[in-house]
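One letter stands for each residue in the lines below.
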Amino acid sequence: MADQYQYNTNEEKIVKDSHTKEIDLINRDPKQINEDVVKVEFEDVIAEPDGTHSMDGVWKLSYTTFTVSKYWCYRILSAIFGIPVALLWGFLFACISFCHIWAVVPCIKGCLIESQCVSRIYTLCIQTFFDPLFEACGKVFSRIQVAMRKEV
């Protein structure tokens, strides 16, 4: 990530590292990448059709149990596994970035350079050897005339 530059009153350049930026603790999905994936509510999972209803107390207690258990289970799992998984994902994306920057892009650039060289040689060979041959064949066969007649 690029560093941000700021200037103080003495016109000295202050480098502000982008890794230390403030994060939003309210809106934790600003790009809505999990908008439709993990929004699972009680009504999305458990529903009683008309004519098959449990007692109101059971329905309310089921709702509360579902909501609270989902909430606390997520919090406990994220407290236990959140930091190690974030470390693994950070490592994985760092490796992907490293491979892309130091291997994939230079390889593609090298292939493009080589293909331009081969393309020039190929074009030169075609223009030198085959263009005159095909031009001569075209002149030879240009005198041929085909006439179609219908005989009765």
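Now for a quick tour of the structure. Remember, it's a predicted structure, so these values are computed and weren't measured experimentally.

**Focus: the overall build of the chain**
Step number 1: Counting its regular elements, the chain contains two helices and two strands.
Step number 2: Its helices and strands in sequence order give the chain the pattern β-β-α-α, from N to C terminus.
Step number 3: Counting only residues that meet the buried cut, the chain has 2% of its 152 residues in that class.
Step number 4: Counted over contacts in the chain with a minimum sequence separation of 6, partners at least 24 positions apart contribute 14%.
Step number 5: Carbon and sulfur atoms make up 65% of the accessible area of the chain, which totals about 14900 Å².

**Concerning the layout of surface pockets**
Step number 1: Taken as a whole, the largest pocket holds about 1400 Å³ of empty space.
Step number 2: In terms of lining residues, the largest pocket is bounded by 22 residues, among which Arg 28, Asp 29, Asn 34, Val 38 and Tyr 74 are the most central.
Step number 3: Residues belonging to the lining of the largest pocket are distributed by class as follows: eight nonpolar, four polar and ten charged.
Step number 4: In this structure, the second largest pocket encloses a volume near 200 Å³.
Step number 5: Considering the residues around the second largest pocket, the lining is formed by Ser 78, Phe 81, Gly 82, Val 85, Ala 86, Trp 89, Gly 90 and Phe 93.
Step number 6: Counted by class, the lining of the second largest pocket contains five nonpolar, three polar and no charged residues.

**Notes on unusual backbone geometry**
Step number 1: If you check the backbone angles, Gln 32 has positive phi at about 50 degrees while not being a glycine.
Step number 2: By the secondary structure assignment, Gln 32 is in the loop between β2 (13–16) and α1 (42–45).
Step number 3: A residue is classified by how much of its surface remains accessible, and Gln 32, at 44% relative accessible area, is partly exposed.

Thresholds, definitions, all that
Residues numbered from 1 in each chain as written. Predicted model: local features only at pLDDT ≥ 70, side-chain atom pairs only at ≥ 80, totals over all residues. Heavy atoms only, no water. Helix = DSSP H or I, 4+ residues; strand = E, 2+ residues; numbered from the N terminus. Buried < 20%, exposed > 50% of the residue type's maximum accessible area, 1.4 Å probe, protein only. Contact = heavy atoms within 4.5 Å. Areas by Shrake-Rupley, 256 points an atom, 1.4 Å probe, with all protein chains shown as cover. 1 Å grid on protein atoms, 1.4 Å probe; cavity = no way out; pocket = protein on both sides within 12 Å on 5 of 7 lines; lining within 4 Å. Points joined across faces, edges and corners; volume = space filled by probe spheres on them. Nonpolar A, V, L, I, M, F, W, Y, C, P; charged D, E, K, R; others polar.

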